[in-house]
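Per-entry structural report
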Amino acid sequence: MKVAIYGQYYQNDTGPIIKDILSFFNKNQVELIVEKTFLKVLHEYKICDKNYPTFDSHTQLNSDFDILISIGGDGTILRAITYVRNSGIPIVGINAGRLGFLAKVQKESIEPFLQIILEKKYTFSKRTLLSVESKPRNKTLREINFALNEITVSRKDTTSMITVETHLNDEYLTSYWADGLIIATPTGSTGYSLSCGGPVLTPDVKSLVITPIAPHNLNARPLVIPDKTEIRLKVSGREPQYLVSLDSRIIAMNNKTELIIRKTPFKINMVEIPDETFLKTLRNKLLWGEDKRN
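We now turn to the structure provided with this report. Because the structure is predicted, anything quoted here is derived from the model rather than measured.

1. Let's talk about the environment of E230
Locating E230 in the fold gives a position in the loop between β14 (223–226) and β15 (231–236). When the C-alpha atoms of E230 and K285 are compared, they prove to be 32 Å apart, with 55 residues separating the residues in sequence. Residues contacting E230, with those up to four places away along its chain left out, are H167, L168, N169, D170, I260, I261 and R262. Within polar-contact distance, the side chain of E230 engages the side chain of R262 at 2.9 Å.

Below, the structure written as structure tokens:
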């Protein structure tokens, strides 16, 4: 078995988790390859002293790998997909962060989880991603132009609103006067979009959500659309630039630059652990069912 490890180190919280993972896989003679910067941090904090093989580019990960384990929070998984891309390598997250909708495996469940991984008693949930192109073309977008959670446009260097002219499949929808606009996948529906009043979508829904951020159009509401829709955005405002974020990556764009957002031709395989379903995660993370009448 061949396993890639990617992670973030949080003082005191993550050390024991990482030690348990490395110890388990070493004991079971699993081939481990650790992300280069992460291994350097582990050596620095004396979490481990072994020199594992490393990777620092998506070109070093291929279908030979059985799985990539992300140690951290949901943000860590979002960074991990930039290594996995269209390789098909399944990703699973161990939650050493806070809320954790994507990083489902909790600290207290690590040992039984690792046994499930070793025996490959897991299934996949295929997750939709979004890609973005710009006219005129932006060099930064050429290398990593996809997002698992959402693509967002927002204001830059100003407290003034921006205007986001929005077309769906070449048909004009509306112009949002707002702080920004979120285009979220079902996976991202429990993230930024949710905090701005967007609906929760289950991962298998073939839809996207358009959610305005603090809109001045008081009748502007989140809109669910088919995921095969091509979305075109043109942003204008008082400042010469606006921001585009792809999950946690941010790029400055010139006003009037047109963005074309589509579903990517590939999907990410998220590992599903028995008894850790999406609905159970919703109940636990959003405290659904805490009403005493239940």
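2. Notes on unusual backbone geometry
At the junction of K135 and P136, the peptide bond is cis and its omega measures out at 0 degrees in the coordinates. Its identity is not glycine, yet Q29 carries a phi of approximately 55 degrees, on the positive side. For L287, which is not a glycine, the phi torsion comes out positive at approximately 60 degrees.

3. Some thoughts on the sheet that holds strand β18 (residues 258–263)
Spatially, β8-β7-β18-β15-β10-β11 is the arrangement adopted by the six strands of the open sheet, whose pairing is antiparallel. The two strands at the open ends of the sheet, each matched to only one other strand, are β8 (146–147) and β11 (171–178). Note that strand β7 (residues 130–135) and β18 share six bridges and pair antiparallel. Across the sheet, the residue bridging to K135 is E258, located in β18.

4. Focus: the pattern of salt bridges
Going through the model one piece at a time under the given rule, you end up with ten salt bridges. In this structure, the salt-bridge partner of D170 is R232, at a minimum N-O distance of 3.3 Å. Here the residue D170 occupies a position in the loop between β10 (162–168) and β11, and R232 occupies one in strand β15, the gap between them amounting to 62 residues. A relative accessible area of 57% means that D170 is categorised as exposed. Of the charged contacts, one joins E258 and R232 as a salt bridge, the two residues approaching to 2.7 Å between their closest N and O atoms. Taken as a pair, E258 in strand β18 and R232 in strand β15 lie far apart in primary sequence, 26 residues in all.

5. Digging into the pairing of strand β1 (residues 2–7)
Where burial is concerned, most of β1 is hidden: six out of the six residues are buried. Every second residue of β1 is oriented toward a common face, with K2, A4 and Y6 on one face and V3, I5 and G7 on the other, all of them buried. Pairing of β1 with strand β4 (residues 67–72) involves five bridges; the strand directions are parallel. The residue of β4 that forms the bridge with A4 is L68.

6. What to know about the side chain of T166
Relative to the helices and strands, T166 is located in strand β10. Judged by relative accessible area, T166 falls into the buried class, the value being 0%. A polar atom in the side chain of T166 sits 3.2 Å from the backbone oxygen of V164.

Calculation rules
Residues numbered from 1 in each chain as written. Predicted model: local features only at pLDDT ≥ 70, side-chain atom pairs only at ≥ 80, totals over all residues. Heavy atoms only, no water. Helix = DSSP H or I, 4+ residues; strand = E, 2+ residues; numbered from the N terminus. Contact = heavy atoms within 4.5 Å. Polar contact = N/O pair within 3.5 Å; in protein donor to acceptor, adjacent residues only side chain to side chain. Pairing = 2+ DSSP bridges. Salt bridge = Lys/Arg side-chain N within 4 Å of Asp/Glu carboxyl O. Buried < 20%, exposed > 50% of the residue type's maximum accessible area, 1.4 Å probe, protein only.

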